[in-house]
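Chain by chain, the residues run as shown.
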Amino acid sequence: MNESSRKEILIQVYKRLYTRFGPQHWWPGNSQFEIIVGAILTQNTNWGNVEKAIKNLKRARVLSPKGLIEIPVKKLAKLIRPSGYFNIKAKRLKNFIEFLFKEYQGDLKKMEQQPLTELRQKLLSVNGIGPETADSILLYAFEKPIFVVDAYTKRLLYRHHLIDEDDDYSSVQKIFMGHLKADVKFFNEYHALIVRLGKEICKKKPLCHLCPLNNLSYSLIFKCSSCHRYLLNQEERFPLKRGEGFLLQYFCPRCFKGE
Ligand code: SF4
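Okay, so let's go over this structure. (Residues numbered from 1 in each chain as written. Predicted model: local features only at pLDDT ≥ 70, side-chain atom pairs only at ≥ 80, totals over all residues.)

A word on the overall build of the protein. Each helix and strand counted, the protein has 13 helices and two strands in total. Within the protein, buried positions represent 28% of all 259 residues. Sequence separation of at least 24 residues holds for 58% of the intrachain contacts in the protein that already meet a minimum separation of 6. (Helix = DSSP H or I, 4+ residues; strand = E, 2+ residues; numbered from the N terminus. Buried ≥ 20, exposed ≤ 12 C-beta atoms within 10 Å, placed from the backbone. Contact = placed C-beta atoms within 7 Å.)

This is the structure:
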């Protein structure tokens with residue numbers, strides 16, 4: 001696929017998702033600090049559980065840099081219990097907060113002033129902060145133009161033959177960053193829309209018949225698993241299901257009939 005069609009597809013995907021779902025108003029959080037804490041707590045859990053944990057932190061009046069640096073890790077773990085993996089996450093929050101005080105004297109404004117690339121490097125050096133969490137913090141808390149990749153993003157791109165199954169975080173991110181204008185609002189909305197799509201439609205078992213992306217031009221969505229020819233929009237395709245997982249493969253009519 002050439003670069004301009006890749007770009008066109010990414011733009012089409014955005015437009016269609018936005019038309020279907022509208023603005024997503026991300027990130028749900030009342031302050032920069034709350035967004036950062038949410039980004040760490042949301043690892044491997046759903047947002048409802050994070051909200052409960054954040055509520056506990058607010059009730060205990062520790063949802064602030066000062067509050068989290070002072071609270072003992074065991075007590076913190078108890079408060080964030082609803083978010084799951086609470087002992088690990090309590091340590092991760094402590095790691096972040098110690099980093100914040102060591103590097104920026106506990107001041108998020110100072111942290112925010114650091115240029116994107118350096119700040120990203122620093123965040124990634126904090127134990128327990130991986131690329132997705134770092135980029136969520138950069139985009140949603142600090143409004144820096146970086147694209148957040150998650151499992152839903154990979155699933156969508158893989159199913160539309162834009163990436164290989166084992167492509168890593170940074171190569172998936174490059175697809176967006178390399179083809180789209182680096183714009184905070186746009187990246188914010190795009191990622192949120194992909195999450196919405198992944199939760200409601202492009203699930204493990206995709207509901208393609210309900211999906212706004214199911215008839216993209218030519219469409220690069222469905223490729224015959226046998227002859228590897230892309231199938232035209234209206235062309236009949238025959239699903240070859242492999243379990244409940246990631247893979248959803250199709251045969252074109254000729255391969256299906258063994259011609
Ligand atoms: S549900 Fe189907 S059409 Fe929609 S994004 Fe997923 S694979 Fe594509």
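Read on, since the account is not over.
Quick look at helix 10 (residues 151-159) now. Looking at helix 10, one finds that the buried residues are T153, K154, R155, L156 and L157. At its buried positions, helix 10 is contacted by helix 11 (169-179) and helix 12 (184-200). Note on helix 10: the residue one or two positions beyond its end, H161, has a positive phi of about 60°.

Once that is clear, we can look at the site of the ligand. Residues in close proximity to the ligand total 12 residues, the closest being R159, C202, P206, C208 and C211. Tallied by class, residues from the shell around the ligand come to nine nonpolar, two polar and one charged. (Near = placed C-beta within 6 Å. Nonpolar A, V, L, I, M, F, W, Y, C, P; charged D, E, K, R; others polar.)

The next point concerns the packing of helix 2 (residues 32-41) against helix 6 (residues 86-104). Following both chains from N to C, one finds helix 2 and helix 6 inclined at 140°, their axes separated by 10 Å at the closest point. The angle between the axes of helix 2 and helix 6 places the two elements in the oblique class. Here helix 2 runs over helix 6; the crossing is right-handed. Residues V37, I40 and L41 of helix 2 form the contact with helix 6, whose own contacting residues are K89, R92, L93 and F96. Split by residue class, the contact of helix 2 with helix 6 holds five nonpolar, no polar and two charged. (Axes fitted to C-alpha atoms, helices over the stretch in contact; angles between N-to-C directions. Parallel < 35°, antiparallel > 145°, perpendicular 65-115°, else oblique. Left-handed = near helix turned anticlockwise from the far one by under 90°.)

Running from N to C, helix 10 and helix 12 point in directions that differ by 75°, and their axes come no closer than 9 Å. With respect to helix 12, the axis of helix 10 lies roughly perpendicular. Residues Y152, T153, R155 and L156 of helix 10 lie in contact with helix 12, whose contacting residues are I194, V195, L197 and G198. Looking at the contact of helix 10 with helix 12 residue by residue, the class counts come to five nonpolar, two polar and one charged.

Cis geometry is adopted by the peptide bond preceding W27, which originates at W26 and carries an omega value of 0°. If you check the backbone angles, Y85 has positive phi at about 45° while not being a glycine. Tracing the chain through its elements places Y85 in the loop between helix 5 (73-79) and helix 6. Overall, the presence of 16 C-beta atoms within 10 Å leaves Y85 in the partly exposed class.

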